[in-house]
Amino acid sequence: MNKPSFAALILITFLSVALPAFAQQAKDQPWMNRNLSPDERADMVLKQMTLDEKIDLLHGNSMPGWPGGQWPNWYLGNGGAGFVLGVPRLGIPIIQMSDAAYGVRMSAANGRYSTALPSNLASASSWDPQAACEYGALIGRELRAQGYNMTLGGGTNITREPRNGRTFEYLGEDPILAGTLVGNRIKCEQAQNVIGDIKHYAVNDQESGRNEVNSIIGKRAMRETDLLAFEIGLGIGHPGAVMCSYNAVNGTFACENTYLLKETLKGDWKFPGFVVSDWGGTHSTVKASHAGLDNEEPLADFYGAKLKAAVQSGEVSQAELDDHVRRMLRSEFATGIVDHPAQKSVVDVEGGFEIARKLAEQSTVLLKNSNNVLPLDASKIKSIAIIGKNADMGMVSGGGSAQVDPQGAKPPEWLEHIWFPTSPLKTVKAKAPNAEVQFNSGADPAAAATLAKNSDVAIVFVHQWTSEGMDLPDLTLPDNQDALIAAVAAANPRTIVVIESGTAVTMPWVDNVSGILEAWYAGSKGADAVANILFGDVNPSAKLPMTFPRSVADLPHPKLVYPPQNGRGPETGSVLTKPTFDVHYDEGLKVGYKWYDAENKPVLFPFGHGLSYTTYGYSNLKVTAGQQPTVSFTVKNTGSRAGFEIAQIYAALPASTDEPPKRLVGWSKVQLNPGESKDVTVSIDPKYLSIFDEAANGWKLVPGSYTFMAGGSSQDLPLKSQVNLP
Ligand code: BGC
């Protein structure tokens with residue numbers, strides 16, 4: 001990074017003297033009274049601000065690697081993805097933003113440390129709002145410890161297109177599950193006094209041509225799927241910020257889309273915070289301002305001098321400008337970043353490891369367990385083959401702006417494949433100290449098969465790396481790993497496959513292996529979590545938050561739509577005035593399991609599927625109609641181990657609604673000892689039973705017959721009951 005100029009040094013010296021004086025002066029100002037509401041405080045500050053100070057609040061000031069020259073304030077950044085100037089004389093701090101999808105980004109370049117939690121998709125497999133809360137709280141603490149007061153995490157785009165390279169940053173294919181979990185994550189992250197964020201708003205469902213793609217989708221379909229996840233997340237988490245996405249929706253870029261920002265987010269949902277553009281996702285000044293974009297990142301191409309000129313010429317009214325500024329200030333007060341400034345401190349590494357391990361254990365899905373091959377009994381096993389690229393040293397992670405830097409390594413290059421130093425070979429050896437545990441990288445499938453043949457058990461660790469900025473061509477494991485598994489399984493029927501992936505994978509070998517664990521991108525302590533499950537110290541409880549299809553031919557769009565120009569359009573977004581190609585989401589409401597259900601397509605593993613080392617029985621379903629219907633039933637642990645069952649409730653709406661066959665409407669994670677039964681009662685939010693009525697622009701519960709179903713997965717629903725609602 002360039003050295004600060006002489007002028008910058010003078011300014012730094014001035015600020016170091018002036019800031020404490022400003023701080024003292026600001027402390028006594030009426031808006032520092034914490035008993036006032038964030039709105040009252042924001043209004044008071046707004047009245048004191050000059051036009052230049054207001055404009056300063058509405059744009060970024062560069063990002064790391066782009067210092068100096070035309071971005072005079074670059075040196076005030078904290079090393080994160082961007083920052084917004086404060087108003088020191090009024091006690092308003094700089095907003096220091098960092099990416100923080102599954103941990104705080106760029107810690108290596110900044111000489112810091114961050115915990116890598118399991119990926120967001122992994123965490124969704126826990127179906128656990130409390131786990132989501134712990135996830136958010138850890139990231140909030142580590143952000144503050146590293147001097148940040150705003151997260152850019154909170155990815156919530158539902159899995160409409162499983163080849164999307166960012167699927168691991170999101171929370172699966174169901175809007176109610178994704179929205180509930182992201183809301184709880186944000187709530188607890190923000191409780192640490194950082195501004196929370198939810199992104200990428202909206203229908204940013206593929207990465208190919210993301211800066212120029214036009215997502216075409218009907219209003220009802222959008223509101224009941226992609227947007228519902230945001231609506232629920234906002235309602236639970238109240239994030240201070242919403243990040244609008246790169247793509248266009250129905251012809252207009254998301255960051256200048258009146259329907260998305262002004263009418264839906266700020267109108268229907270009454271979002272009181274600010275809209276921040278994705279990086280380079282702003283395309284205009286006046287149009288974006290009118291549509292409801294409040295803050296341009298990471299620079300000031302449209303919201304610096306051009307916005308000032310538009311205000312001076314009256315094209316953007318003073319009231320509109322003030323609305324943008326008030327929203328920024330309101331979120332700063334509401335999240336406590338003014339009252340509780342971030343202070344750098346040492347990250348609790350051991351504490352983070354502990355949480356990362358626990359969350360990974362709750363996120364690892366046991367997909368298959370023939371003849372109870374798992375858990376492994378260390379006292380009975382003499383030899384174990386550990387097979388797979390890097391299984392001796394680490395587990396793979398997801399790339400892009402979500403990437404967390406592994407401890408003890410240099411800053412990763414953009415799109416470098418990063419393996420976290422969490423070694424399955426070591427953790428398996430520790431569990432089976434008396435067994436011979438040998439490693440083979442799998443580079444030569446024949447050699448791996450020979451090792452497997454001579455071992456009691458073979459465990460194959462396979463990976464599928466994904467990242468922002470790319471989509472997968474299909475869901476096949478790369479690098480010939482299917483052939484490796486086939487060779488190993490042919491040599492030893494006691495083959496267990498552990499998958500490290502960012503989305504679903506296809507499994508041509510599914511019938512030939514005994515056990516399959518989906519570990520996702522498992523984070524800093526993935527290998528400990530996997531070993532604890534393999535050897536039964538932990539009873540798995542996670543369930544899939546997305547369907548695993550049998551083949552990409554079964555997807556709503558077997559072929560991904562790529563941008564023009566030989567499949568690589570300009571990725572520079574900001575200069576485009578309109579999108580260059582369309583993706584028609586004509587499957588509409590039929591996202592994920594709703595598609596396979598409606599089309600009668602068999603799947604590899606259904607949404608909600610996940611095995612345990614015990615078994616559960618369901619009985620006694622009762623549904624009470626009324627304002628807020630309740631569903632109750634009994635779950636019994638019919639096996640011999642204690643465990644947690646994620647009991648799921650689905651509803652089929654009246655035929656007149658023309659909805660897919662069923663939708664998830666609630667769930668409960670129940671802890672049960674062997675033989676124990678518990679009565680579960682879940683009250684169902686009427687919105688989750690409603691359809692979006694475009695004509696009335698609102699949710700409508702259609703009168704008629706509703707069928708409620710309960711059980712252990714979307715395709716294992718032993719209980720069924722019909723009631724008339726409302
Ligand atoms: C990504 C965002 C990210 C931002 C800042 C963009 O390219 O789409 O998710 O927060 O960069 O790094």
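Provided above is the structure to which this section pertains.
Conventions we followed
- Residues numbered from 1 in each chain as written.
- Predicted model: local features only at pLDDT ≥ 70, side-chain atom pairs only at ≥ 80, totals over all residues.
- Heavy atoms only, no water.
- Helix = DSSP H or I, 4+ residues; strand = E, 2+ residues; numbered from the N terminus.
- Expected span 1.5 Å × (residues − 1).
- Buried < 20%, exposed > 50% of the residue type's maximum accessible area, 1.4 Å probe, protein only.
- Contact = heavy atoms within 4.5 Å.
- Near = heavy atom within 4 Å.
- Polar contact = N/O pair within 3.5 Å; in protein donor to acceptor, adjacent residues only side chain to side chain.
- Areas by Shrake-Rupley, 256 points an atom, 1.4 Å probe, with all protein chains shown as cover.
- Disulfide = S-S within 2.5 Å.
- Core = buried A, V, L, I, M, F, W, Y, C linked by side-chain atoms within 4.5 Å.
- Salt bridge = Lys/Arg side-chain N within 4 Å of Asp/Glu carboxyl O.
- Phe/Tyr/Trp six-rings, centres within 6.5 Å; stacked < 30°, edge-to-face > 60°.

1. Remarks on helix α13 (residues 349–363)
Here α13 contains 15 residues, and its C-alpha end-to-end distance of 21 Å stays within 8% of the 21 Å for a straight helix at 1.5 Å per residue. Within the sequence span of α13, burial applies to G352, F353, I355, A356, L359, A360, E361, Q362 and S363. Buried residues in α13 make contact with α4 (120–124), α5 (129–145), β10 (365–369), β17 (515–518), α17 (526–534) and β22 (663–672).

2. Observations regarding the site of the ligand
The local shell around the ligand holds 14 residues, among which D99, R166, H200, D278 and E468 are the closest. A distance of 2.7 Å is found between an oxygen atom of the ligand and a side-chain nitrogen or oxygen belonging to R166. Here an oxygen atom of the ligand sits 3.4 Å away from a polar atom, N or O, in the side chain of R210. Relative to its unbound accessible surface of 310 Å², the ligand loses 94% to contact with the protein.

3. Remarks on the state of the cysteines
Evaluated as defined, the whole model comprises 2 disulfides. Each disulfide pairs two cysteine sulfurs, and for C133 the partner residue is C188, the sulfurs being separated by 2.0 Å. Residues C133 and C188 are joined by a disulfide whose S-S torsion is about -95°; by sign, that bridge is left-handed. Taken together, the positions of C133 in helix α5 and C188 in helix α6 (residues 175–190) put the pair 55 residues apart, joining distant regions of the chain. Neither residue differs from the other here; C133 and C188 are each classed as buried. Covalent S-S linkage joins C244 and C255, the inter-sulfur distance amounting to 2.1 Å. The sign of the S-S torsion, about 110°, decides the handedness of the disulfide formed by C244 and C255: right-handed. In this pair, C244 sits in strand β6 (residues 241–244) while C255 sits in the loop between β8 (252–253) and α9 (258–268), placing the two residues 11 residues apart along the sequence. Classification of C244 as buried rests on a relative accessible area of 0%. A relative accessible area of 1% means that C255 is categorised as buried. The connectivity of the disulfide-linked cysteines in the chain, indexed sequentially, is 1-2, 3-4.

4. Some remarks on the nonpolar core
Grouped together as the largest cluster of nonpolar side chains are 120 residues, with contacts concentrated most on Y201, L260, F633 and F708. Judged by nonpolar contacts, the second largest core, of 63 residues, contains A101, F168, I418 and M507.

5. Points about the pattern of salt bridges
Under the defined criterion, the tally for this structure stands at 40 salt bridges. Close ionic contact of K687 with E231 constitutes a salt bridge, the shortest N to O distance being 2.7 Å. With K687 in the loop between β23 (677–683) and β24 (691–693) and E231 in helix α8 (residues 226–237), this pair connects stretches of sequence that are 456 residues apart. The exposure class of K687 is partly exposed, given its relative accessible area of 28%. With a relative accessible area of 13%, E231 lands in the buried category.

6. Observations concerning the packing of aromatic side chains
What the rule picks out here adds up to 12 aromatic pairs. Considering the side-chain rings of F168 and Y521, the 5.3 Å spacing of their centres and the 65° angle between planes classify their relative orientation as edge-to-face. Of the two residues, F168 is situated in the loop between β3 (150–151) and α6 and Y521 in the loop between β17 and α17; the sequence distance between them amounts to 353 residues. For Y521, a relative accessible area of 2% translates into the label buried. Three or more aromatic residues link up through ring pairs in this structure, and these residues are W127, Y593, F607, Y650 and W667.

7. Some remarks on the side chain of T180
Along the polypeptide, T180 turns up in helix α6. Residue classification places T180 among the buried positions, given a relative accessible area of 13%. Of the polar contacts made by the side chain of T180, one reaches the backbone oxygen of I176; its length is 2.6 Å. For T180, the contacting residues outside a window of four places in its chain are P129, I232, I236 and W667.

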